Amino acid sequence: DFLDGHIARKGNMVTSFGKFLDPLADKLLICSILIMFVELGWVPAWVTVVIIGRELAVTGLRAMAIDEGVVIAADKYGKVKTVMQIIAIIPLLGVNVHLIGNFLLYIALVLTIFSGLNYFYKFYGIWRENDRAA
């Protein structure tokens, strides 16, 4: 994922479709893993529900923004959230380190909520600006 983004930026191949699809692929991978962890009893279901709910809400928000002619790309908070989710998943895959993984996952959960609220705040600002211009 990092390499793909680096190549796209370096080769000046960044597209609106790529800005939408790349975070969507990340969400699908992370959410799938978290659902499997719930089935194994390694992660509380409510944490997974909150994370997936945020991901669906932000994806819906992005779709609404596209209808307004605005592309909301992943921002630094969203990227930090994704990295933290991945960092939390790694120890959850290991033996006898689920406590560490769950601790890291709770940090990721806070970042997930914060970054989701940030996207909604950003969209609200864009929406108000467009509303005033109309």
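Anything mentioned here points back to the structure above.
The present account deals with the structure reproduced in this document. Here the structure is a predicted model, which means the values were calculated and not measured. (Residues numbered from 1 in each chain as written. Predicted model: local features only at pLDDT ≥ 70, side-chain atom pairs only at ≥ 80, totals over all residues. Heavy atoms only, no water.)

Bringing the packing of helix α3 (residues 45-67) against helix α5 (residues 98-133) into the picture now. Two numbers describe how α3 lies on α5: the axes approach to 10 Å, and their chain directions differ by 20°. Looking at the two axes, α3 sits roughly parallel to α5. Of the two possible hands of crossing, α3 and α5 adopt the one that is left-handed. Residue-level inspection shows W46, V47, V50, I51, R54, A57, V58, L61, R62, M64 and A65 of α3 in contact with α5, the latter providing L105, Y106, L109, T112, I113, S115, G116, Y119, F120 and F123. Among the residues forming the contact of α3 with α5, the class breakdown is 16 nonpolar, three polar and two charged. (Axes fitted to C-alpha atoms, helices over the stretch in contact; angles between N-to-C directions. Helix = DSSP H or I, 4+ residues; strand = E, 2+ residues; numbered from the N terminus. Parallel < 35°, antiparallel > 145°, perpendicular 65-115°, else oblique. Left-handed = near helix turned anticlockwise from the far one by under 90°. Contact = heavy atoms within 4.5 Å. Nonpolar A, V, L, I, M, F, W, Y, C, P; charged D, E, K, R; others polar.)

Side chains of W46, V50, Y106, I113 and L117 sit close together on the surface and give an oily, nonpolar patch of about 480 Å² of accessible area. Contributing elements (two or more residues each) for the nonpolar patch: α3 and α5. Sorting elements by how many residues they give to the nonpolar patch places α5 first, with three residues. Relative to the helices and strands, L117 resides in helix α5. (Patch = residues over 30% accessible without salt bridge, like charges linked within 9 Å, V, L, I, M, F, W, Y side chains within 5 Å. Areas by Shrake-Rupley, 256 points an atom, 1.4 Å probe, with all protein chains shown as cover. Salt bridge = Lys/Arg side-chain N within 4 Å of Asp/Glu carboxyl O.)

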